[in-house]
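Chain by chain, the residues run as shown.
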Amino acid sequence: LQRVAKGTVEQVVNVMLGGARDRDDVTVNEADVGIQVLETSARHALRVPFLAAAFPNARFVLMLRHAGPSVSSLAEAWRSGRFIPYPALPDWTGELNWSYPLIEGWRDYADRAPHEIAAIQWQRITESLLDDLSGLASDRWRSTSYEALTRDPQAEAERLSNWLGLIW
């Protein structure tokens, strides 16, 4: 991704800002100076190289969680039917609609149980994130864990906010 098409970047910015709201729940104007967007969608987990190229000043925060609770949560989401990015996914013959991001080889998992697919997704997405982030300059990303955030939310939020240049 040496160069990202300007039109593609403009489309992504429009989508990301389309629903953006400030801390007072006011719609953000694209012309606002110094705007910072916090995007937390799982769908962007496999797009780090694109996002890093499209937004050269972007910084990334990776929040990891132990595999067990993550896979359990993903499997529950599969069964709930609330996180379906592709409701009519061609060539998908699984019993449930595909949930969360597509991973390489997704067609091969149609006969698997939700918890098996969730485990494969968690592993692949986590490995991809770690590989992609390790390819960025070290000052462009930080990591935290779900456990650190729940153990001492104030300290962890302050640490990350300071790194991002935000007031907590």
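Residues numbered from 1 in each chain as written. Predicted model: local features only at pLDDT ≥ 70, side-chain atom pairs only at ≥ 80, totals over all residues. Heavy atoms only, no water.

## Examining unusual backbone geometry
1) Next: One non-glycine residue, Asp25, lies in positive phi territory at about 65 degrees.
2) Next: In this structure, Tyr100 is a non-glycine residue whose phi angle is positive, near 65 degrees.

## Overview of helix 4 (residues 114-134)
1) Next: The end-to-end C-alpha distance of helix 4, which contains 21 residues, comes to 30 Å, matching closely the 30 Å that a straight helix rising 1.5 Å per residue would cover.
2) Next: Turning to helix 4, the residues buried within the fold contact helix 2 (48-54), strand 1 (60-64), helix 3 (67-80) and strand 2 (141-145). (Helix = DSSP H or I, 4+ residues; strand = E, 2+ residues; numbered from the N terminus. Expected span 1.5 Å × (residues − 1). Contact = heavy atoms within 4.5 Å.)

## So, the packing of helix 3 against helix 4
1) Next: Two elements in contact, helix 3 and helix 4, have axes whose closest approach is 8 Å; the angle formed by their N-to-C orientations is 125 degrees. By the angle between their directions, the pair helix 3 and helix 4 is classed as oblique. Note on packing geometry: the crossing formed by helix 3 with helix 4 is right-handed. Here helix 3 contributes Ala67, Ser70, Val71, Leu74, Ala75, Trp78 and Arg79 to the contact with helix 4, which in turn contributes Pro114, His115, Ile117, Ala118, Ala119, Gln121 and Trp122.
2) Next: When grouped by side-chain class, the residues that make up the contact of helix 3 with helix 4 number 10 nonpolar, 3 polar and 1 charged. (Axes fitted to C-alpha atoms, helices over the stretch in contact; angles between N-to-C directions. Parallel < 35°, antiparallel > 145°, perpendicular 65-115°, else oblique. Left-handed = near helix turned anticlockwise from the far one by under 90°. Nonpolar A, V, L, I, M, F, W, Y, C, P; charged D, E, K, R; others polar.)

## Concerning the nonpolar core
1) Next: In this structure, Phe60, Trp92 and Trp98 are the most contacted members of the largest nonpolar core, which totals 26 residues.
2) Next: Looking at this core, the elements that each hand over two or more residues are helix 1 (6-18), helix 2, strand 1 and helix 4.
3) Next: Not counting the four nearest positions on each side in its chain, Phe60 is found in contact with Val48, Leu51, Ala52, Leu133, Leu136, Arg140, Trp141, Arg142 and Trp163. (Core = buried A, V, L, I, M, F, W, Y, C linked by side-chain atoms within 4.5 Å. Buried < 20%, exposed > 50% of the residue type's maximum accessible area, 1.4 Å probe, protein only.)

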